[in-house]
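Survey of secondary and tertiary structure
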Amino acid sequence: MSDEEHQFESKADAGASKTFPQQAGAIRKNGYLVIKARPCKVVEVSTSKTGKHGHAKCHFVAIDIFTGKKLEDIVPSSHNCDVPHVNRTDYQLIDISEDGFVSLLTENGNTKDDLKLPTDDNLLTQIKDGFAEGKDLVVTVMSAMGEEQICALKDIGPKN
């Protein structure tokens, strides 16, 4: 046996998987699916009949939840697909820095400063305008597969 001590890097995710398996035939419209290593929201599902050689196939049309790109996949309905763990969390907006990062207030009173402003122009102008007017804004952050992005905005009234 070796006398050296092993060094472990802490990753803080406790080894939790970013996805879980689900049978392709059980995935429905508005569900989530991983296509080409991207987390997607399913917008259309069609199932073909079993052919001469066996498997019914599911044809998925889905939109990447972060980039908005349309992706398609065809999977035998009896096979497993990866489904991403998708979380939505609300944070109060504290500040917007010049370099495009936002400062958010978490539930436990800490700040979260590692998120960029969204790339969606409509949402971006809503956030910037609302912040400039001094409104109290709550942003919804969607996270999946190690990525996070602001996806929605709520106005909870003017600052006191």
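The following refers to the structure shown. (Residues numbered from 1 in each chain as written. Predicted model: local features only at pLDDT ≥ 70, side-chain atom pairs only at ≥ 80, totals over all residues. Heavy atoms only, no water.)

The number of helices and strands found in the protein chain is one helix and 11 strands. Ordered by position from the N terminus, the helices and strands of the protein chain form the series β-β-β-β-β-β-β-β-β-α-β-β. Across the 160 residues of the protein chain, 32% fall into the buried class. Nonlocal contacts in the protein chain, meaning residues at least 24 apart in sequence, comprise 48% of its contacts between residues at least 6 apart. Surface exposure of the protein chain reaches about 10700 Å², of which carbon and sulfur atoms provide 49%. (Helix = DSSP H or I, 4+ residues; strand = E, 2+ residues; numbered from the N terminus. Buried < 20%, exposed > 50% of the residue type's maximum accessible area, 1.4 Å probe, protein only. Contact = heavy atoms within 4.5 Å. Areas by Shrake-Rupley, 256 points an atom, 1.4 Å probe, with all protein chains shown as cover.)

This brings us to helix α1 (residues 121-132). For α1, spanning 12 residues, the distance from its first C-alpha to its last is 16 Å, which sits close to the expected 16 Å at 1.5 Å a residue. When we look at burial in α1, the residues that qualify are L123, L124, I127 and G130. What you see down the axis of α1 is that its buried residues fit within an arc of 145°, all on one side. Exposed and facing more than 90 degrees away from the buried side of α1 are D121, N122 and A132. Directly beyond the C-terminal end of α1, a positive phi value near 80° is found at G134. (Expected span 1.5 Å × (residues − 1). Arc of directions from axis to C-beta.)

Here the focus is the side chain of S77. By the element assignment, S77 lies in the loop between β5 (70-76) and β6 (80-84). On the accessibility criterion, S77 (18% relative accessible area) is buried. Setting aside chain neighbours within four positions, we find S77 in contact with Q23, A24, G25, A56, K57 and C58.

Assignment of secondary structure puts T89 in strand β7 (residues 86-96). Once the C-alpha coordinates of T89 and S143 are considered, the two residues, 54 residues apart in sequence, prove to be 8.2 Å apart. Setting aside chain neighbours within four positions, we find T89 in contact with V139, T140 and V141.

Applying the stated rule across the entire model yields seven salt bridges. D114 is paired through a salt bridge with K112; the nearest N and O atoms lie 3.4 Å apart. By relative accessible area, K112 is classed as buried at 15%. In this structure, the salt-bridge partner of E148 is K112, at a minimum N-O distance of 3.0 Å. Here K112 lies in strand β9 (residues 111-116) and E148 lies in strand β11 (residues 147-158), a separation of 36 residues in the sequence. (Salt bridge = Lys/Arg side-chain N within 4 Å of Asp/Glu carboxyl O.)

Counting residues in each nonpolar core, the largest one holds 14 residues, and the members touching the most others are L93, V102, L104, I127, V139, V141 and I150. Sequence-distant contacts of L104, that is, excluding residues within four places in its chain, are made with Y91, Q92, L93, I94, N110, T111, K112, D113, L115, V139 and V141. If you look at the next biggest cluster of nonpolar residues, it comprises 13 residues, including I27, I35, C58 and L71. (Core = buried A, V, L, I, M, F, W, Y, C linked by side-chain atoms within 4.5 Å.)

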